[in-house]
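What the coordinates show
Next come the chains, spelled out residue by residue.
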Amino acid sequence: MGKTMTILISPFVVAFMVGCKANQNKPDCDSWRDRLVDLVQQGSLKSDTIKFQRALALSDSVLSVDTTTDNRRFCYYNRSIILNSLGRTEEGWKNKELEMLTLPENNLERLLFMAIKNEEEHKKDSAEFFLDKALSVCECMLEKEFDENVVVYKVRALYIRLGEKSAKCYLNSQVAKHPESEVLRWINDNWEGYTDGYAKFI
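Predicted model only: the values in this text are computed from it and were never measured.

Each helix and strand counted, the protein has 11 helices and 0 strands in total. Beginning at the N terminus, the succession of helices and strands in the protein can be written as α-α-α-α-α-α-α-α-α-α-α. Per-residue burial for the protein yields a buried fraction of 40% across its 202 residues. Partitioning the intrachain contacts of the protein with sequence separation of at least 6 by distance along the chain shows that 50% fall at a separation of at least 24.

Taken as a whole and judged by the stated rule, the model has 4 aromatic pairs. An angle of 75° between the planes, with centres 5.2 Å apart, marks the rings of Phe129 and Phe130 as edge-to-face. Above the face of the Tyr153 ring, Arg156 is positioned so that its terminal group lies 5.7 Å from the ring centre. Here Lys168 stacks its cationic end above the ring of Trp191, 5.8 Å away from the centre of that ring.

Once that is clear, we can look at the pattern of salt bridges. Applying the stated criterion across every chain, the model contains 13 salt bridges. Across the salt bridge formed by Glu97 and Lys94, the nearest N and O atoms sit 3.8 Å from each other. Remark: Lys94 and Glu97 occur in helix H5 (residues 89-100); sequence separation between them is 3 residues, near one turn of the helix. Owing to a relative accessible area of 11%, Glu97 belongs among the buried residues under this scheme. For Arg161, the salt bridge goes to Glu128, with nearest N and O atoms at 3.7 Å. Placement of Arg161 in helix H8 (residues 148-162) and of Glu128 in helix H7 (residues 124-144) is noted, with a sequence separation of 33 residues between them. If you follow the salt bridges from partner to partner, you end up with Lys94, Glu97, Lys117, Glu121 and Lys123 in one network.

Right, let's get into the nonpolar core. Counting residues in each nonpolar core, the largest one holds 29 residues, and the members touching the most others are Leu108, Leu131, Val155, Leu171, Leu184 and Trp191. If you list the elements that add at least two residues to this core, you get helix H6 (108-120), H7, H8, helix H9 (164-177) and helix H10 (182-189). Judged by nonpolar contacts, the second largest core, of 16 residues, contains Cys29, Val40, Tyr76 and Leu83.

Once that is clear, we can look at unusual backbone geometry. Positive phi is not limited to glycine here, since Ser47 has a value of about 50°. Along the polypeptide, Ser47 turns up in the loop between helix H2 (30-46) and helix H3 (49-65). For Ser47, a relative accessible area of 60% corresponds to the exposed category.

The next thing to look at is the packing of H8 against H9. Direction vectors running N to C along H8 and H9 enclose 155°, while the axes themselves pass 7 Å from each other. Here H8 is positioned roughly antiparallel relative to H9, judged by the angle of their axes. The interaxial crossing formed by H8 with H9 has right-handed handedness. Contacts between H8 and H9 involve Val151, Lys154, Val155, Leu158, Tyr159 and Leu162 on the former and, on the latter, Glu164, Ser166, Ala167, Tyr170, Leu171 and Gln174. Looking at the contact of H8 with H9, its residues break down into 8 nonpolar, 2 polar and 2 charged.

With that out of the way, let us pick up the confidence of the model for the protein. Across the protein, pLDDT averages 86, with 83% of residues at or above 70. Below pLDDT 50 for its whole length, residues 1-26 participates in 36 contacts with residues either more than four positions away or in separate chains.

With that settled, consider H2. The terminal C-alpha atoms of H2 lie 25 Å apart, and with 17 residues this matches the ideal 24 Å at 1.5 Å per residue to within 8%. Those residues of H2 that sit buried are Trp32, Arg33, Leu36, Leu39, Val40 and Gly43. Along the long axis of H2, the arc covered by the buried residues comes to 115°, so they all point the same way. Exposed side chains of H2 directed beyond 90 degrees from the buried face belong to Leu45 and Lys46. Immediately beyond the C-terminal end of H2, within one or two residues, lies Ser47, with a positive phi of roughly 50°.

Conventions we followed
- Residues numbered from 1 in each chain as written.
- Predicted model: local features only at pLDDT ≥ 70, side-chain atom pairs only at ≥ 80, totals over all residues.
- Heavy atoms only, no water.
- Helix = DSSP H or I, 4+ residues; strand = E, 2+ residues; numbered from the N terminus.
- Buried < 20%, exposed > 50% of the residue type's maximum accessible area, 1.4 Å probe, protein only.
- Contact = heavy atoms within 4.5 Å.
- Phe/Tyr/Trp six-rings, centres within 6.5 Å; stacked < 30°, edge-to-face > 60°.
- Lys NZ or Arg CZ within 6 Å of the ring centre and 35° of its normal.
- Salt bridge = Lys/Arg side-chain N within 4 Å of Asp/Glu carboxyl O.
- Core = buried A, V, L, I, M, F, W, Y, C linked by side-chain atoms within 4.5 Å.
- Axes fitted to C-alpha atoms, helices over the stretch in contact; angles between N-to-C directions.
- Parallel < 35°, antiparallel > 145°, perpendicular 65-115°, else oblique.
- Left-handed = near helix turned anticlockwise from the far one by under 90°.
- Nonpolar A, V, L, I, M, F, W, Y, C, P; charged D, E, K, R; others polar.
- pLDDT = per-residue confidence, 0-100.
- Expected span 1.5 Å × (residues − 1).
- Arc of directions from axis to C-beta.

What follows is the structure in structure tokens.
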């Protein structure tokens with residue numbers, strides 16, 4: 001990236017690290033994660049670089065002591081926000097990938113992320129593989145029961161794989177079949193705004 005960034009460690013981080021070391025068998029980091037969220041929110045609201053730097057340092061410490069999958073996913077999610085906000089987009093993208101890799105292999109969010117990642121890297125065959133797999137998973141899930149969230153994922157996959165016309169046609173058919181779905185109706189009514197920069201939806 002070409003620039004060196006100084007990371008400031010807040011007194012809270014130091015105090016919490018001492019506390020975790022005192023209880024190494026089972027450290028309780030709930031308050032630490034709450035503090036991380038607060039720092040990210042404050043940094044976002046005020047475009048406060050110092051808050052983001054403190055949040056990044058705090059997330060480093062969280063990852064050093066918390067090995068549970070869900071909590072690591074939460075941490076990588078916040079780190080991607082922090083790093084992108086600091087202009088470190090390549091690192092932000094990498095942390096988003098680490099977040100996605102904590103999800104099951106057939107998770108739709110993970111599959112679409114991997115498709116977009118491979119498109120960005122000009123790996124067309126790999127991108128199509130993940131999109132086709134996502135579409136297959138969607139079809140299997142929708143055969144069992146209607147789920148508007150799965151329909152949304154399928155619309156996204158179709159848009160990237162086959163283009164806008166195919167995605168819009170499928171969405172129209174689902175709105176006709178399930179007029180009770182406010183989510184699908186809203187997407188249909190706000191299509192142009194919703195799909196603006198669609199490939200970057202994650």
